[in-house]
Amino acid sequence: MKSLLISIMFITTLFCGCRNSEQKQSITITGNLQGLPDGKIFLINVDNGNKVIDSGVIDNGKFQIITDKKNRFLTVNLMAKDLTDTTRLFAYPTHKLHQGKPNAFGYFILEDGICVNGRLVDFNFKAPGKLKLVNVSEPVNGKQSWVLYNVTLDFPTSSVDTLRFNKFKENVLKYPYSYYLLNAISEDISLLTNRQLKETLQLFDKDIKETRLWKRLLNLSRETVKNDSINFKFINSEGDSISMLKPKDRTLNIIIIWASWCGPCIKEIPLLKRVYEISITKKNLNMISISVDTSFENWDNAVKKYKMPWTQLISTDAEETRKLFFHYKTPSILPTILLLDSQGNLLDKITSHNSNKEFIEKINNSIDIFTN
């Protein structure tokens, strides 16, 4: 049995063309793709605007990319450029379904020993210019991407959603090495209580516990937002730190959380302008938009373009934004509107609406109740 296992491991290694990196500070990706023309191949960071991390040379469909170990667990993809300057972006098969059919993902999670093998099949989509979208016949190997491609999340919808919370914990117990599961927690951290967050974090293995994200989440799990620290501060266009809540004579605070790149947020601006015009005479009202843009310039340009007459702030501290969502137990959905009293207590929140009329009525009803 042992000799059979060794033989299987040898064959798998030979097929992938992979070898363990002797340089502990590096991560090696290799590939052998039928139908991939000679040229260059680039490793790109999907979460950072497809920024190129490293590159390699394609020779007869084979390539190798060596990158720094600090890039481990990044969400990445490959981009190839052949000698005719044609660019190819890759998608990989998964066991997750979309509209009842197997879904393909244009990304994987970076770890050492990744092998990208198979043959290329053109995607059934006409891309502009010299861009081609291609399917790879085989999924990316690696235990991180296996969880990404195979495990369907059943994340709790609220802190009292015990059934789904327990199911999510079961997945963490099965795959304690999964950065994908850890990242799922960070994206919806506001749906967990401090106790649930801390309890789940302790289930991950040593490698995950060494990541910056795990340590940051652990710090949040220990934190209790005191009443006198509810008034979060954000930055205006002049760089001044401004409190989210106005003085106590303001009985209603409308806090709009948005971003310049968020389509639904932009679509909502005309509705917010109508709300502002209707309620501008209300003395006990404070209306503030807080952007979660990572680019100050993009945010500033959007503010000037859309000419929103109420106070505009930006969160330049991702940790402060997480605390805001976490404190109000609000999913990280954009746009989100929080209706708060002068003490920062949550009166209502809006994360979606079925019609423009419903949206206007819901906010105006709150304004009438809390400012009269």
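Residues numbered from 1 in each chain as written. Predicted model: local features only at pLDDT ≥ 70, side-chain atom pairs only at ≥ 80, totals over all residues. Heavy atoms only, no water.

Please explain helix α9 (residues 296-306) as it appears in this structure.
Residues separated by three or four positions in an α-helix point in the same direction, a consequence of the helix having 3.6 residues per turn. The complete set of buried residues in α9 reads Trp299, Asp300, Ala302 and Val303. The arc that holds every buried residue of α9, seen down its axis, measures 160°, which confines them to one face. Among the exposed residues of α9, those pointing more than 90 degrees away from its buried face are Glu297, Lys304 and Lys305. Residues of α9 that are buried in the fold lie against β11 (233-235), β13 (252-258), β14 (285-291) and β15 (311-314). Immediately downstream of α9, the backbone of Lys307 shows phi near 45°, a positive value. (Buried < 20%, exposed > 50% of the residue type's maximum accessible area, 1.4 Å probe, protein only. Helix = DSSP H or I, 4+ residues; strand = E, 2+ residues; numbered from the N terminus. Arc of directions from axis to C-beta. Contact = heavy atoms within 4.5 Å.)

How do you make sense of the state of the cysteines when you look at a structure like this?
Working definition: the covalent bond between the sulfur atoms of two cysteines is a disulfide. Evaluated as defined, the whole model comprises one disulfide. Note that Cys262 is cross-linked by a disulfide to Cys265, the S-S spacing being 2.4 Å. Judged by the sign of its S-S torsion, about 80°, the bond between Cys262 and Cys265 is right-handed. Here the two residues Cys262 and Cys265 agree in accessibility, since each one is buried. (Disulfide = S-S within 2.5 Å.)

So what exactly am I meant to see when it comes to empty space enclosed by the protein here?
If a probe as big as a water molecule is rolled over the atoms, it shows which places are left empty. Counted under the stated rule, the structure contains one cavity of 30 Å³ or more. Approximately 40 Å³ is the volume attributed to the largest cavity. Lining the largest cavity are Ile256, Trp258, Cys265, Glu268, Ile269, Leu272, Ser289, Met308 and Pro335. Elements with a minimum of two residues in the lining of the largest cavity: β13 and α8 (263-279). A total of four residues in the lining of the largest cavity trace back to one element, the largest contributor, which is α8. Here the lining of the largest cavity is composed, by residue class, of seven nonpolar, one polar and one charged. (1 Å grid on protein atoms, 1.4 Å probe; cavity = no way out; pocket = protein on both sides within 12 Å on 5 of 7 lines; lining within 4 Å. Points joined across faces, edges and corners; volume = space filled by probe spheres on them. Nonpolar A, V, L, I, M, F, W, Y, C, P; charged D, E, K, R; others polar.)

Is there a simple way to think about the environment of Thr75 in this case?
Mapped onto the fold, Thr75 is located in strand β5 (residues 75-82). Sequence spacing of Thr75 and Val46 is 29 residues, and the spatial spacing of their C-alpha atoms is 5.7 Å. Among residues more than four places away in sequence, those in contact with Thr75 are Ile44, Asn45, Val46, Asp47, Tyr107 and Phe108. Side-chain polar atoms of Thr75 contact the side chain of Asp47, separated by 3.3 Å. (Polar contact = N/O pair within 3.5 Å; in protein donor to acceptor, adjacent residues only side chain to side chain.)

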